[in-house]
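This is what each chain is made of:
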Amino acid sequence: MESLPRGAYNTEPGRSASHEIRPLAGVPICVIGGGFVGLVAAAGFVQFGHTVVCVEKDRDKLEQLRSGSVPFYEKDLDSLFRDAQRTGRLTFSGDLDEAVKDQRAIFIAVGTPPADSGRADLGALGEVTEILARVLDSSQIVVLKSTVPVGTGARVRRLLEERAGTDKVASVINNPEFLREGNAVHDFFHPPRIVIGGDRHEAVEFVSHIYRLGMTHPVPIVVTNNETAELIKYASNAFLATKIGFINELSGLCDLAGVNILEVARAIGMDPRIGSEFLNPGPGWGGSCLRKDLLELSGLADSHGYELMIGRSVLEANLRHQEYVVARISKLVGGLRGSRIAVLGLSFKADTSDMRDSAAIPVVRHLLQAGAEVIAFDPKAMPEAPHYLPEVPLAADAYEAARDADCVVILTEWQEFQLLDLRRIAETMRHPNMMDARNLLTPELAARYGINYASMGQA
Ligand code: UDX
């Protein structure tokens, strides 16, 4: 690597800047992609003390960002974004060629959604890499923050070498994110570990220092190669889906065996080998990542002639669990045809407006296919609902949805559903049935208001 500009880094006396690099002050960073991951990282890096230009190609989003507003809902991001803008060290650009000039690290946080095949669609990453190949030099570091298939880091490096020549190639690092929607800001500032994969020591060290500058407490940094960093991300999401799928499946057995899943989950979670997180049964896991990453991991295995039986079964079990929830609703109302179902919650989980791969979509579709009439309400996802469920009328609130309903079905764990006035709900319904697929309430509480209550394993 060429020697780094002096002054920006605290180098050991007598050692060249290209070796012991420790950014004393912030460094110039470019983040490509102003979505959920990119924007949290951009604003977070500014809070660490760095100077960030965030590139967003969508003109409307770019204008919103430049005018100081976040173009989507994510808890605590508005205030983080405002704090970052107030420093004057967060700017936005729509011109990638221009934005990457003189940046030390270029974090790529573009979407890698599933293609029809189920494998990751790397079109956006390819476009960005072609541009970077034209403008980057070997003192710069490309950091893949997007979730990318195993081997992508190496392919990006090869493409940069082909286009730019091996002597000019920037380093390529994988630095996957583990941010949960609705918790992304918290997760960015409280990571259980940071994963950095790459084969050039200086580049790995440099990216480590980008994080260390912002650390108020020591956070383990896992240093590995590109491929391992890439697989860690997929393995993490596949395991999370497996764990949720397990507790969902067990909740069905608990319904039949008359056992309370909450006590089972609490007790097994006390074992540090299991852990208490992600043991809450629900209508089925969703979101833009878990299924996508399970499919990509299974696809990788298939490409090696190796079957991920557990991975495949987790995908299948999730679909079956959604059907199980519909069967429970049908049993409550004595058959779905002609019944009126009020669905409370459409987003794939609370604290987000995101309906991507939400369990509510297949559950509602099953209800409609079975001849039920469905009306829905969600505190945040109403603007998205018509895109996914255009045939479903939307109510202004939970009580309007429940009016004359034969069953209220809670599918998302919004806190306001936990605080519902159950007397008012029961009185406004045609028949006071409730399927609480998130165990927000309890059988005892429902019984107090004469509600015929079903839940997930709270037998
Ligand atoms: C997930 C991973 O958690 C995160 O690390 C990764 O970076 C992106 O994918 P996210 O998609 O935001 O994050 O959702 P998550 O909080 O993991 O929940 C996924 C789904 O599982 C949601 O539908 C949620 O409701 C469900 N879930 C989660 C449960 O049903 N029970 C649980 O105990 C936890």
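The structure presented is a predicted model; accordingly, all values stated were derived computationally and were not measured.

When the pLDDT values of the protein are averaged, the result is 93; 95% of them are 70 or greater. A low-confidence stretch, residues 1–22 (pLDDT under 50), is modelled with 40 contacts involving residues beyond four sequence positions or located in other chains.

Attention shifts here to the site of the ligand. In the region of the ligand, 19 residues are neighbours, and E181, K233, N280, F348 and K349 sit closest. Residue E177 places a side-chain N or O atom 3.3 Å away from an oxygen atom belonging to the ligand. Between the ligand and the protein, one listed contact pairs an oxygen atom with a backbone N or O atom of G286 at 2.9 Å. Taking 660 Å² as the accessible area of the ligand by itself, protein coverage stands at 94%. At 4 residues, helix α9 (residues 226–257) tops the list of elements feeding residues into the shell around the ligand. Counted by class, the shell around the ligand contains 10 nonpolar, 3 polar and 6 charged residues.

Let us look at the nonpolar core. Membership of the largest hydrophobic core comes to 43 residues, with the highest contact counts inside it found for I29, F45 and F107. The element contributing the most residues to this core is helix α1 (residues 36–48), with 10 residues. Contacts of F107, omitting those with residues within four sequence positions, involve I29, C30, V31, I32, F45, V143, K145, N175, V207, I210 and Y211. Membership of the second largest hydrophobic core comes to 30 residues, among which are V343, I361, V409 and L411.

This part takes up the packing of helix α6 (residues 152–164) against α9. Interhelical geometry of α6 versus α9 gives an angle of 135° and a closest axis separation of 7 Å. Overall, the two elements α6 and α9 adopt an arrangement that is oblique. Seen from α6, the contacting residues are T152, G153, A154 and R157; seen from α9, they are N226, E227 and E230. Taken together, the residues of the contact of α6 with α9 sort by class into 1 nonpolar, 3 polar and 3 charged.

Moving on to the packing of aromatic side chains. Across all of its chains, the model carries 10 aromatic pairs by this definition. Seen in terms of ring centroids, F45 and F188 are 5.7 Å apart; in terms of plane orientation they differ by 75°. Their pairing is edge-to-face. Here F188 lies in helix α7 (residues 184–189) and F45 lies in helix α1, a separation of 143 residues in the sequence. Of the residues examined, F45 reaches a relative accessible area of 0% and is grouped as buried. By way of ring pairs, the aromatic residues F45, F48, F107, F188, F189 and Y211 are connected into one cluster. The ring of F178 is capped by R193, whose NZ or CZ atom sits 3.7 Å from the centre of that ring. Directly above the aromatic system of Y73 lies the positively charged group of K380, at a separation of 4.2 Å from the ring centroid.

This part is about the pattern of salt bridges. Tallied over the entire structure, the rule returns 24 salt bridges. Between R163 and E162 there is a salt bridge whose closest N-O contact spans 3.5 Å. Accessibility expressed as a relative area gives 45% for R163, which makes it partly exposed. Given the relative accessible area of 59%, E162 is considered exposed. For R356, the salt bridge goes to D354, with nearest N and O atoms at 2.7 Å.

Quick look at the side chain of D406 now. Position of D406 relative to the elements: it lies in the loop between α15 (398–402) and β11 (407–410). Residue D406 is classed as buried on the basis of its relative accessible area of 5%. Within the structure, D406 has its side chain in polar contact with the side chain of H431 (distance 2.7 Å). Residues in contact with D406, not counting those within four places in the same chain, are V333, G338, S339, R340, M429, R430, H431 and N433.

Our focus in this paragraph is the layout of surface pockets. Unoccupied space between atoms shows up once a probe the size of one water molecule is rolled over them. Its boundaries defined by the atoms lining it, the second largest pocket holds a volume of some 220 Å³. In terms of lining, the second largest pocket is formed by G245, N248, E249, G252, S313, E316, A317, N318, R320, H321 and Y324. Residue assignment for the lining of the second largest pocket shows that the elements contributing at least two residues are α9 and α12 (309–333). For the lining of the second largest pocket, the element with the highest residue contribution is α12, accounting for 7 residues. Of the residues contributing to the lining of the second largest pocket, the split by class is 2 nonpolar, 6 polar and 3 charged.

Thresholds, definitions, all that
Residues numbered from 1 in each chain as written. Predicted model: local features only at pLDDT ≥ 70, side-chain atom pairs only at ≥ 80, totals over all residues. Heavy atoms only, no water. pLDDT = per-residue confidence, 0-100. Contact = heavy atoms within 4.5 Å. Near = heavy atom within 4 Å. Polar contact = N/O pair within 3.5 Å; in protein donor to acceptor, adjacent residues only side chain to side chain. Areas by Shrake-Rupley, 256 points an atom, 1.4 Å probe, with all protein chains shown as cover. Helix = DSSP H or I, 4+ residues; strand = E, 2+ residues; numbered from the N terminus. Nonpolar A, V, L, I, M, F, W, Y, C, P; charged D, E, K, R; others polar. Core = buried A, V, L, I, M, F, W, Y, C linked by side-chain atoms within 4.5 Å. Buried < 20%, exposed > 50% of the residue type's maximum accessible area, 1.4 Å probe, protein only. Axes fitted to C-alpha atoms, helices over the stretch in contact; angles between N-to-C directions. Parallel < 35°, antiparallel > 145°, perpendicular 65-115°, else oblique. Phe/Tyr/Trp six-rings, centres within 6.5 Å; stacked < 30°, edge-to-face > 60°. Lys NZ or Arg CZ within 6 Å of the ring centre and 35° of its normal. Salt bridge = Lys/Arg side-chain N within 4 Å of Asp/Glu carboxyl O. 1 Å grid on protein atoms, 1.4 Å probe; cavity = no way out; pocket = protein on both sides within 12 Å on 5 of 7 lines; lining within 4 Å. Points joined across faces, edges and corners; volume = space filled by probe spheres on them.

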